[in-house]
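Observations on the model geometry
Spelled out from the first residue to the last, the chains are:
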Amino acid sequence: MTQEQLIRQALSALAHFGVREVCVAAGARNAPLIAALLTSKGIRIWNFFEERSAAFFALGRMMADRKPVAVVTTSGTAAAECLPAVIEAHYQGLPLFVLTADRPKSYRGSGAPQAIEQHHLFGVYAQTLGDWDVTDESLSMYQTTGDRPRHLNVCLDEPLETNVIGVDFSRAQTPEAEPRSHTCTLDCDLVLASGMHPADAKEAAQLLATLGAPIVAEATSNLHGFRELQPLLTPGGERSLQSARPAHVLRLGAVPSWRWWRDLESQPKIKVTNITHSGFSGLARKENVQTLPWESVRGSQFVVRGSECGILRFEPDLGKFEQSEPNWMRKLIEVIPAGSRVFLGNSLPIRELNLALKSARPGVEFFASRGANGIDGLVSTFLGVSATHREECWLIVGDLSTLYDLAAPWIIAQMNHPKLRIVVINNGGGKIFSRVNSLRALSEKSLTVIENRHELSFEPWAQLWGMEYVRTDDVNDLVDLLHVPIVIEIRPDPLQTEAFWKDWQRPVIRPR
Ligand SMILES: Cc1ncc(C[n+]2csc(CCOP(=O)(O)OP(=O)(O)O)c2C)c(N)n1
């Protein structure tokens, strides 16, 4: 096997699995692969200096376009940097392709520079496609299935072959996805909806409109824009579920972020049917839980069972707490223009927006990374989700989450996207921990450490990456923004936020 054959086979494997976009982060060992990619046709290349952002950006590209995307790394810890994004792709059921260059197999276990154990590096989180070396007589690929991360490791020896002509990706034959269908019949009295791609939301909306069961939906369900669902959608976010006693819950899309969902673990009598792309039930209990493929939304028979499952309707009185965090979510949604994409950070932003959302302007689409609920890589993932969307793209994210991903804006220079808005809700640390009931007894000293309290400003960060910066307490400053990438720093009033939560958590009196 020559190095040239090995490199061309590796690119052909990408092409075969439908990859048409690649995020590369160069080192010497993968330079031959990158050089060959640069002479290839029918492939879009995004160029990063570090692998973690590259992998999260690839994740965002897949979340938006639902097509396989590859990340190409050099050897050693460079390959390992992809792990968090691979894990997220695994739990979201997305076909991330990781192509890692390696030193020859003979270096394994030696501790030689940049030689780590790359074979099966991602464990259960990626299916191994191959572990190829120039000493192999032939190159074979392991069987892999479905929309899950794949890992191909290629061992290249010196001298590195940097003049390999690439392949024509547009001519590659990709295996036809097998048309899947699944039908079932079930009755349910409550629908929970989270994390659906806008195209899936459209399919789900048809089903739900005819079903007629009450729906408690997160913003990321993308169901709020459907007029026919308005009478069924329950305002008040998680609080509306407080006294719910359904017999059978139908959950559509990603695993919900609500505490109520976690508490279902200890309610084995409540039946749960999940319909999701990821195949994960999101519950550890097995009793009365079934998980069906997404295709079940087509052609299945769903029947509403009974009409009273104890759902309550709440309208948070946010106006009284003008500068509180939840009210900021409402104000932001009111100014985000029609057709925008909105990516929500995984900590308080997603929860507060769920609570505050009444409606959004037409065509606003919501995304979030709810596979493993990490607060890492969110800026990069947002940029990946935004890359081909020509309307405004908004990220609403916590301050610590932003600090995790300071290198992310590197790619903006290649995006040619003038309407990126990164809203950092800077509450001076991980304020979600002061909302966690089981942490209520923590001392002030412990909380200071656990929240990582700080007084940092995001202005120098914006400046580093050549982005405009606005710090404001007036939402009107955010109307008709300049067509340039902007970091918007908001510092909600902590006292008003606290006062809102106190008011909101008053005991429920069931309306007659
Ligand atoms: C990678 C990762 N590390 C740690 C956590 C645990 N965690 C959850 S929320 C959070 C704090 C988030 O802080 P921030 O982004 O400022 O948002 P806020 O809590 O203020 O909404 C942390 C550390 C996580 N989810 N993911």
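Residues numbered from 1 in each chain as written. Predicted model: local features only at pLDDT ≥ 70, side-chain atom pairs only at ≥ 80, totals over all residues. Heavy atoms only, no water.

Concerning the side chain of H454
Following the sequence through the fold, H454 ends up in the loop between helix 13 (444–451) and helix 14 (459–464). Owing to a relative accessible area of 16%, H454 belongs among the buried residues under this scheme. A polar contact of 2.8 Å, which involves the side chain of H454, links it to the side chain of D399. In terms of polar contacts, H454 uses its side chain to reach the backbone amide nitrogen of L456, at 3.0 Å. (Helix = DSSP H or I, 4+ residues; strand = E, 2+ residues; numbered from the N terminus. Buried < 20%, exposed > 50% of the residue type's maximum accessible area, 1.4 Å probe, protein only. Polar contact = N/O pair within 3.5 Å; in protein donor to acceptor, adjacent residues only side chain to side chain.)

Some points on the packing of helix 3 (residues 51–65) against helix 5 (residues 83–92)
What describes two packed helices is the angle between their axes and the distance between those same axes. Contact geometry of helix 3 with helix 5 gives a least axis separation of 8 Å together with a crossing angle of 20°. What the angle tells us is that helix 3 and helix 5 run roughly parallel. Classified by chirality, the crossing of helix 5 by helix 3 is left-handed. The segment helix 3 lies against helix 5, with A55, F56, L59 and M63 engaging P84, A85, E88, A89 and Q92. (Axes fitted to C-alpha atoms, helices over the stretch in contact; angles between N-to-C directions. Parallel < 35°, antiparallel > 145°, perpendicular 65-115°, else oblique. Left-handed = near helix turned anticlockwise from the far one by under 90°. Contact = heavy atoms within 4.5 Å.)

A look at the site of the ligand
The environment of the ligand is made up of 18 residues, and the closest members are S347, L400, S401, N427 and I432. Here an oxygen atom of the ligand and a side-chain polar atom of N427 are 2.9 Å apart. In the model, an oxygen atom of the ligand is placed 3.0 Å from a nitrogen or oxygen of the I432 main chain. Protein contacts shield 77% of the accessible area of the ligand, which totals 590 Å² for the unbound molecule. Contributing elements (two or more residues each) for the shell around the ligand: helix 9 (348–356) and helix 11 (399–404). Considering every element that reaches the shell around the ligand, the biggest residue donor is helix 11, with four residues. A per-class count over the shell around the ligand returns seven nonpolar, eight polar and three charged. (Near = heavy atom within 4 Å. Areas by Shrake-Rupley, 256 points an atom, 1.4 Å probe, with all protein chains shown as cover. Nonpolar A, V, L, I, M, F, W, Y, C, P; charged D, E, K, R; others polar.)

Observations regarding the domain arrangement of the protein
Under the domain assignment, the protein is made up of domain 1 (3–161), domain 2 (185–304) and domain 3 (318–504). Counting from both sides, the interface comprises 21 residues of domain 1 and, opposite them, 27 residues of domain 3. Both sides of the domain 1 and domain 3 interface together cover about 1,800 Å² of buried area, and 61% of this is carbon and sulfur. Remark: the boundary between domain 1 and domain 3 carries zero salt bridges. Taken together, the links from domain 1 to domain 3 amount to eight residue pairs in polar contact (both at pLDDT 80 or more). (Domains from an automatic or database assignment. Buried area = accessible area lost by both parts, 1.4 Å probe. Salt bridge = Lys/Arg side-chain N within 4 Å of Asp/Glu carboxyl O.)

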